[in-house]
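A look at the structure
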Amino acid sequence: MKRIIPLLLVLILLLCACAPAEAPDTEPAQTLLPAPVVDTESQFGVDKNINMSTIDSYLGRDDVVYRDVRMLFDPADYAAIGGDADLSKTIEGFKVVPYPYIATLGALPVANAYEGNTLFAVEWNADGTIASVSENYKESMMILQELFPKDKPIFLMCGGGGYAGMMKSLLMYLGWDENLLYNIGGNWEYTGDNSLELVVYPENAEDDNIYATWRADYAYIDFGRLHEK
């Protein structure tokens, strides 16, 4: 018996040495997001850490909701301030959910702003804060909660930062956690590597531009099929 025990120990050691090692986890864990910090020098409250200069480092995460809150074709005269009323480009991974269809616009520095149907009616104070919000349709809150989940960080982007700021203010007013809301600024300033072009400019100046709206992940809201309150 005394001879058998050492032999068994040797056999066990040999089996352990021959057993295949577990494959290492090749997918690195996602780094924690920095908490939202508003840049005090930003006119629209753009985040200090996650913005157009750094957004490429925070793309492709399954723990983040990405939203571009511009219209495909905005009637407002953004060309007057050096902007683009047409959604000529966005960023890969962002879903287009136009703020002007979500709620009443606040004051804008341009003419001809959208004045059509919205899910919510908002009364804005002179200082840019929200005085009151009411639902225009029975489905308004359901749509908002599905498009802007409460349990994940939300990156809000627009052209210059204004619509994103309004969207953030609305969500905060309606009970969303401000620690999960990021105004990452305006896509007009984006120069990163993940641009999704939605307008194809022809080489021949006489040809019309091709508006490749089918490339966009777009949230379509059919107000005609909603139920007014």
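Residues numbered from 1 in each chain as written. Predicted model: local features only at pLDDT ≥ 70, side-chain atom pairs only at ≥ 80, totals over all residues. Heavy atoms only, no water.

Concerning the overall build of the protein chain
We count it as follows: Here a helix means four or more residues in a row that DSSP labels H or I, a strand means two or more in a row labelled E, and each is numbered from the N terminus. Exposure is judged per residue with a 1.4 Å probe applied to protein chains only, and the accessible area is read against the type maximum: over 50% gives exposed, under 20% gives buried, and values in between give partly exposed. Contacts were defined at the residue level, with two residues in contact if any of their heavy atoms lie within 4.5 Å. Residue-level accessible areas treat just the shown protein chains as cover; the underlying method is Shrake-Rupley with a 1.4 Å probe.
Tallying secondary structure elements over the protein chain gives 4 helices and 11 strands in all. For the protein chain, the proportion of its 229 residues judged to be buried stands at 41%. Pairs at least 24 residues apart make up 68% of the contacts formed inside the protein chain by residues separated by at least 6 positions. On the protein chain, roughly 13,700 Å² of surface is accessible, and the fraction owed to carbon and sulfur atoms is 53%.

So, empty space enclosed by the protein
Put simply, the test is: Grid spacing is 1 Å over the protein atoms alone, the probe is 1.4 Å, and a cavity is where that probe fits but cannot get out, while a pocket is an open set with protein on both sides within 12 Å along at least five of seven lines and lining residues have an atom within 4 Å of a point. Grid points are joined across faces, edges and corners, and a volume is the space filled by probe spheres set on the points. Charged means Asp, Glu, Lys or Arg here, nonpolar means Ala, Val, Leu, Ile, Met, Phe, Trp, Tyr, Cys or Pro, and polar covers whatever is left, Gly included.
Using the criterion set out here, one finds 1 cavity of 30 Å³ or more in the structure. Taken as a whole, the largest cavity encloses approximately 40 Å³ of empty space. Considered class by class, the residues forming the lining of the largest cavity number 6 nonpolar, 1 polar and no charged.

Considerations on helix 3 (residues 140-147)
The condition is simple: Taken from the helix axis, the directions to the C-beta atoms give the arc we talk about.
Those residues of helix 3 not exposed but buried are Ser140, Met141, Ile143, Leu144 and Leu147. Each buried residue of helix 3 sits inside an arc of 160 degrees when the element is viewed along its axis, so together they form one side. Summarising the contacts, the buried residues of helix 3 are in contact with strand 1 (65-68), strand 3 (95-96), helix 2 (99-102), strand 4 (120-124), strand 5 (130-135) and helix 4 (162-173).

Concerning the nonpolar core
Heads up, the condition is: Remark: nonpolar core denotes a set of buried residues (Ala, Val, Leu, Ile, Met, Phe, Trp, Tyr, Cys) joined through side-chain atoms within 4.5 Å.
Ranked by size, the top nonpolar core spans 38 residues in total, and within it Val69, Tyr99, Ile102, Leu119, Leu144, Phe148 and Met167 carry the most contacts. Elements with a minimum of two residues in this core: helix 2, strand 4, helix 3, strand 6 (154-158) and helix 4. Of the residues forming this core, the biggest block, 6 residues, is contributed by helix 4. With residues up to four places along the chain from it excluded, the contact list for isoleucine 102 reads Val97, Thr118, Leu119, Phe120, Leu144, Phe148, Met167, Leu170 and Ile221.

Side note on unusual backbone geometry
Of note in the backbone geometry, asparagine 112 takes a positive phi value of approximately 65 degrees without being a glycine. With respect to the secondary-structure elements, asparagine 112 resides in the loop between helix 2 and strand 4. Exposure remark for asparagine 112: the relative accessible area of 54% places this residue in the exposed category.

Notes on the layout of surface pockets
The calculated volume of the largest pocket comes to roughly 740 Å³. Along its surface, the largest pocket is lined by 34 residues, and Phe44, Ala107, Gly162, Tyr163 and Met166 are the ones closest to its centre. It is helix 4 that contributes the most residues to the lining of the largest pocket, 6 residues altogether. When the residues that make up the lining of the largest pocket are grouped by side-chain class, the tally is 17 nonpolar, 12 polar and 5 charged. In this model, the second largest pocket occupies a volume close to 230 Å³. Around the second largest pocket, the lining comprises 16 residues; the ones closest to its centre are Val46, Met52, Gly185, Gly186 and Glu189. Considering only residue class, the lining of the second largest pocket consists of 5 nonpolar, 9 polar and 2 charged.

Remarks on the pairing of strand 4
Going by this rule: In this scheme, strands are said to pair when DSSP sees at least two bridges between them.
Residues Phe120, Val122 and Trp124 point to one face of strand 4 and are all buried, whereas Ala121 and Glu123, pointing to the other face, are not buried. Where strand 4 lies against strand 5, 5 bridges are found, and the strand directions are antiparallel. Along strand 5, the bridge assignment pairs valine 122 with valine 133. Hairpin connection between strand 4 and strand 5: a loop of 5 residues separates the two successive antiparallel strands, and glycine 128 in this loop has a positive phi of roughly 90 degrees.

Some details on the packing of aromatic side chains
To keep it simple, the criterion reads: For this analysis, a ring pair means two rings from Phe, Tyr or Trp (six-membered ring only for Trp) whose centres lie within 6.5 Å, classed as stacked if their planes differ by under 30 degrees, edge-to-face if by over 60, and tilted for the remaining angles.
With the rule as written, the count across this model stands at 10 aromatic pairs. Look at tyrosine 66 and phenylalanine 94: their rings are 5.2 Å apart centre to centre, the planes differ by 65 degrees, and that puts the pair in the edge-to-face class. Of this pair, tyrosine 66 sits in strand 1 while phenylalanine 94 sits in the loop between strand 2 (89-91) and strand 3, and the two are 28 residues apart along the sequence. Considered together, tyrosine 66 and phenylalanine 94 belong to a single accessibility category, that of buried residues.

Digging into the environment of leucine 87
Relative to the helices and strands, leucine 87 is located in the loop between strand 1 and strand 2. A sequence separation of 111 residues divides leucine 87 from leucine 198, and the C-alpha atoms of the two residues are 6.9 Å apart. Once residues lying within four places of it in the same chain are set aside, the contact partners of leucine 87 are Asp68, Arg70, Met71, Leu72, Val96, Leu198 and Val199.

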